[in-house]
Amino acid sequence: MNAVPVIAVDGPSASGKGTVAQLVAERLGFHYLDSGALYRLVALAALRSGVSMQDEAGLAIVADALEARFYDGEVWLAGEPVTDAIRDEACSNGASKVAAFPAVRAALLARQRAFRGAPGLVAEGRDMGSVVFPDSHLKVFLTASVEARAERRYKQLKGKGITATIGTLLKDLRERDARDTARSAAPLKHCPDAYLLDTTAMSAAEAAERILAWYREAHGGNNAR
Ligand code: C5P
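Residues in contact with the ligand amount to 17 residues; listed here are only the nearest, Arg-40, Arg-105, Asp-127, Asp-180 and Arg-183. Separating a nitrogen atom of the ligand from a side-chain N or O atom of Ser-35 is a distance of 3.0 Å. At 2.8 Å, a side-chain N or O of Asp-127 approaches a nitrogen atom of the ligand. Isolated, the ligand exposes 450 Å² of accessible area, and the fraction of that covered by the protein chains is 98%. When contributions to the shell around the ligand are tallied by element, the ones reaching two or more residues are helix H2 (35-49), helix H4 (89-98) and helix H8 (166-182). Of the residues assigned to the shell around the ligand, the class counts are four nonpolar, four polar and nine charged.

Right under this line is the structure:
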């Protein structure tokens, strides 16, 4: 087993796993990988260069050549901050389409594994525990009811001054869940070796505490700040 610990947090869209995973990483002083951002960046780069969302080989080339950076709290594509751009609907839908292609997933694998560095990594996505870091020290499947997730997304968008309706958000989440679960390449699933964390009635801080407690139980250490 690689000595550098990994905590894998997988789950569906808008489950709050990003916020929770970042809290856990902060508390432990670990690195953080938002793997969904990489798929979103591939979608954005493809949209910008006119590569079709159906062209697996073309998308794999885009993924391989991706000039992606994460620093200053921003996501960068070829030197341009795109933190907000990759969250828009075109990139969200595009990401779940490009993510269904095995060649795209393969092109992003080494890049994701390179985030593993001392003192540890919290990695969030759909296949962190199953494919990218199967030797994770702790695996968590974080979910919430689709209604709770739509409600959270609604509040998030409202906070940014973006108008949306709960009905549209619910439809969109259900479609994305179906695509992520039904695909044959690294589908979203609750692996038997992952702890199930249902956050429908839980705050992000409570969910982070739960994960930190599991991590301490499993490793006997108490290195949370
Ligand atoms: O997590 P986020 O919603 O940002 O991910 C965007 C899309 O990228 C997801 O809908 C999913 O299809 C894909 N994804 C994936 N594997 C990951 C992370 C994200 O397939 N590890």
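Glancing now at the sheet that holds strand E5 (residues 80-81). Here three strands make up an open sheet; going across it, the order is E3-E4-E5 and the pairing antiparallel. The outermost strands of the open sheet, each flanked by one partner alone, are strand E3 (68-71) and E5. Across the face of the sheet, H2 comes into contact with E3, strand E4 (74-77) and E5 while running at roughly 40° to E4.

Right, let's get into the environment of Gln-22. By the element assignment, Gln-22 lies in helix H1 (residues 17-28). Judged by its relative accessible area of 37%, Gln-22 falls in the partly exposed class.

Taking burial as the measure, the five residues of strand E1 (residues 6-10) include five buried ones, the bulk of the element. Burial along E1 is two-sided: the residues Val-6, Ala-8 and Asp-10 and Ile-7 and Val-9 are all buried. Of the strand pairs in this sheet, E1 and strand E7 (residues 138-143) are connected by four bridges, and their pairing is parallel. Bridging from a neighbouring strand, Ala-8 pairs with Lys-139 of E7.

Procedures and definitions
- Residues numbered from 1 in each chain as written.
- Predicted model: local features only at pLDDT ≥ 70, side-chain atom pairs only at ≥ 80, totals over all residues.
- Heavy atoms only, no water.
- Near = heavy atom within 4 Å.
- Polar contact = N/O pair within 3.5 Å; in protein donor to acceptor, adjacent residues only side chain to side chain.
- Areas by Shrake-Rupley, 256 points an atom, 1.4 Å probe, with all protein chains shown as cover.
- Helix = DSSP H or I, 4+ residues; strand = E, 2+ residues; numbered from the N terminus.
- Nonpolar A, V, L, I, M, F, W, Y, C, P; charged D, E, K, R; others polar.
- Pairing = 2+ DSSP bridges.
- Contact = heavy atoms within 4.5 Å.
- Axes fitted to C-alpha atoms, helices over the stretch in contact; angles between N-to-C directions.
- Buried < 20%, exposed > 50% of the residue type's maximum accessible area, 1.4 Å probe, protein only.

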